[in-house]
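Reading the structure
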Amino acid sequence: MSKTTTLIIGAGGVGRVVAHKCAMNTDVFGHIVLASRTKSKCDAIASEIKDVKIETRSVDADNTDELIELIKDIDADIVINVALPYQDLTIMDACIATGVDYLDTANYEHPDEAKFEYKEQWARDEAFKNAHIMGLLGSGFDPGVTNVFCAYAQKHYFDEIHTIDILDCNAGDHGYPFATNFNPEINLREVSAKGRYWENGKWIETDPMEIKMVWDYPEVGPKDSYLLYHEEMESLVKHIRGLKRIRFFMTFGESYLTHMKCLENVGMLGIEPVEHQGQKIVPIEFLKTLLPDPASLGPRTKGKTNIGIVAEGIKDGKKRKIYIYQVSDHEKCYAEVKSQAVSYTTGVPAMIGAKLMLEKVWYKEGVHNMEEFDPDPFMNELNKQGLPWQIKELE
Ligand code: NDP
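Okay, so let's go over this structure. (Residues numbered from 1 in each chain as written. Predicted model: local features only at pLDDT ≥ 70, side-chain atom pairs only at ≥ 80, totals over all residues. Heavy atoms only, no water.)

Space inside the second largest pocket adds up to approximately 250 Å³. Along its surface, the second largest pocket is lined by 14 residues, and Val 327, Ser 328, Asp 329, Lys 332 and Gly 386 are the ones closest to its centre. Counting residues per element, the ones that place at least two in the lining of the second largest pocket are strand 16 (318–329) and helix 13 (330–337). A class-by-class count of the residues in the lining of the second largest pocket yields 5 nonpolar, 4 polar and 5 charged. (1 Å grid on protein atoms, 1.4 Å probe; cavity = no way out; pocket = protein on both sides within 12 Å on 5 of 7 lines; lining within 4 Å. Points joined across faces, edges and corners; volume = space filled by probe spheres on them. Helix = DSSP H or I, 4+ residues; strand = E, 2+ residues; numbered from the N terminus. Nonpolar A, V, L, I, M, F, W, Y, C, P; charged D, E, K, R; others polar.)

Turning our attention to the packing of helix 8 (residues 145–156) against helix 10 (residues 232–239). Running from amino to carboxyl end, helix 8 crosses helix 10 at an angle of 20°, the nearest separation of the two axes being 10 Å. As judged from the angle between their axes, helix 8 and helix 10 are roughly parallel. When you trace helix 8 past helix 10, the crossing you get is right-handed. Seen from helix 8, the contacting residues are Thr 146, Asn 147, Cys 150 and Gln 154; seen from helix 10, they are Glu 232, Ser 235, Leu 236 and His 239. A breakdown of the residues in the contact of helix 8 with helix 10 according to their chemical character gives 2 nonpolar, 5 polar and 1 charged. (Axes fitted to C-alpha atoms, helices over the stretch in contact; angles between N-to-C directions. Parallel < 35°, antiparallel > 145°, perpendicular 65-115°, else oblique. Left-handed = near helix turned anticlockwise from the far one by under 90°. Contact = heavy atoms within 4.5 Å.)

Glancing now at the site of the ligand. Lining the immediate surroundings of the ligand are 28 residues, of which Arg 37, Thr 38, Lys 41, Ala 61 and Thr 105 lie closest. Asp 62 places a side-chain nitrogen or oxygen 3.1 Å from a nitrogen atom of the ligand. At 3.0 Å from an oxygen atom of the ligand is found a main-chain nitrogen or oxygen belonging to Phe 141. In the complex, 93% of the free accessible area of the ligand, which totals 920 Å², lies under the protein chains. Residue composition of the shell around the ligand, by class: 13 nonpolar, 10 polar and 5 charged. (Near = heavy atom within 4 Å. Polar contact = N/O pair within 3.5 Å; in protein donor to acceptor, adjacent residues only side chain to side chain. Areas by Shrake-Rupley, 256 points an atom, 1.4 Å probe, with all protein chains shown as cover.)

Attention now goes to the pairing of strand 16. Pairing between strand 15 (residues 304–315) and strand 16: 12 bridges, direction antiparallel. Paired with Ile 309 across the bridge in strand 16 is Ile 324. If you look at the hairpin formed by strand 15 and strand 16, you'll find 2 residues sitting between the two strands, and Asp 316 has a positive phi there, around 50°. (Pairing = 2+ DSSP bridges.)

This part is about the state of the cysteines. Taken as a whole and assessed by the stated rule, the structure comprises 0 disulfides. In this model Cys 22 remains outside any disulfide bridge; the closest cysteine sulfur is found in Cys 42, 14 Å from its own. Between Cys 169, a free cysteine, and Cys 333, which holds the nearest cysteine sulfur, the sulfur-to-sulfur gap is 14 Å. The buried category is assigned to Cys 169, whose relative accessible area is 1%. (Disulfide = S-S within 2.5 Å. Buried < 20%, exposed > 50% of the residue type's maximum accessible area, 1.4 Å probe, protein only.)

Written out as structure tokens, the structure is:
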């Protein structure tokens, strides 16, 4: 076991997977500490991991001073942030103050505004450099693996990539009429927002769910896929050579969309507090209380996920189109780490990103996105750590 101390913050669906997977790699992660707002959730995860002792702590990750105290107390070498996007900045600031490396899986979102962007995290680049530490942003599946797929396509398959479509399909069935596969607040805010894609240097906005196509996902079949804005596009447009267009599509069933529209129409997706019997409540937070906890979907979910990228461009003067994708099975993921595939496909890349940072295979001071690094070691780890991928020439 290494002398490293790894701090994981957040004991939700993704935190569970990260804890299990780090425990399978203690030669790199050493002593593992799992901290969240509710310590009992950390204890429940720690008790599932039989061979490795996981220390558990409670922390309010909205409070930078509390985070600094915890990081110093356990003498952490890296912080893996799998709490919510609202905590990104406080955790990054605690890492700057203590000189400890940082990784997350989702970009900062302000609790009072349904908007997410990298601006405030990128703005900490100088502070990370001055503290001689690294921040790796968006090391989940999408963002995360999708960025690495793009970097891999760029490195091995193209001289120039002209278009990228990121295709995210979850064909899992949990048997509930309506539930979200990860944090409902984050999920519903993302899905009910306006769509956006990038073409010829400009962002083009669409109404929510305005653009739909049917894509035939290998091992899943044809599915309605809707254009959404997704955060990895913000960094990919900066780093992919010759890019002319990038879009992101996600599958939704009719029942999901009908439920969501209905909830939206009655105001249940609102993020502004409303007065209810003398109390202020935020509708979407109340909805979260009513909906099944995503962590409880694991044992019920059947079916597969398939997430990948289709890239088109030029190699040696000729047109080329390739598809890189990864298929996961909900039941297999649950059998391995007691979480369904959406948490699994996020938690495994978070662990891999942290592993490459600790091994100094991916190491650059400052704040970075995934596609800035050599994709090959990450792609190799995906095959070894439970997320084998496929590649196809399309034309
Ligand atoms: P959950 O809601 O299941 O878990 C979040 C955890 O964070 C909970 O345990 C919660 O604690 C904890 N938490 C929230 N606020 C605080 C706080 N102030 N202090 C300490 N702990 C806190 O979410 P998921 O596990 O599904 O998602 C985790 C992250 O992964 C999110 O940022 C999400 O956006 C991201 N994600 C990224 C994906 C990708 O592919 N890149 C895909 C899916 C998710 P408690 O339970 O005690 O309230």
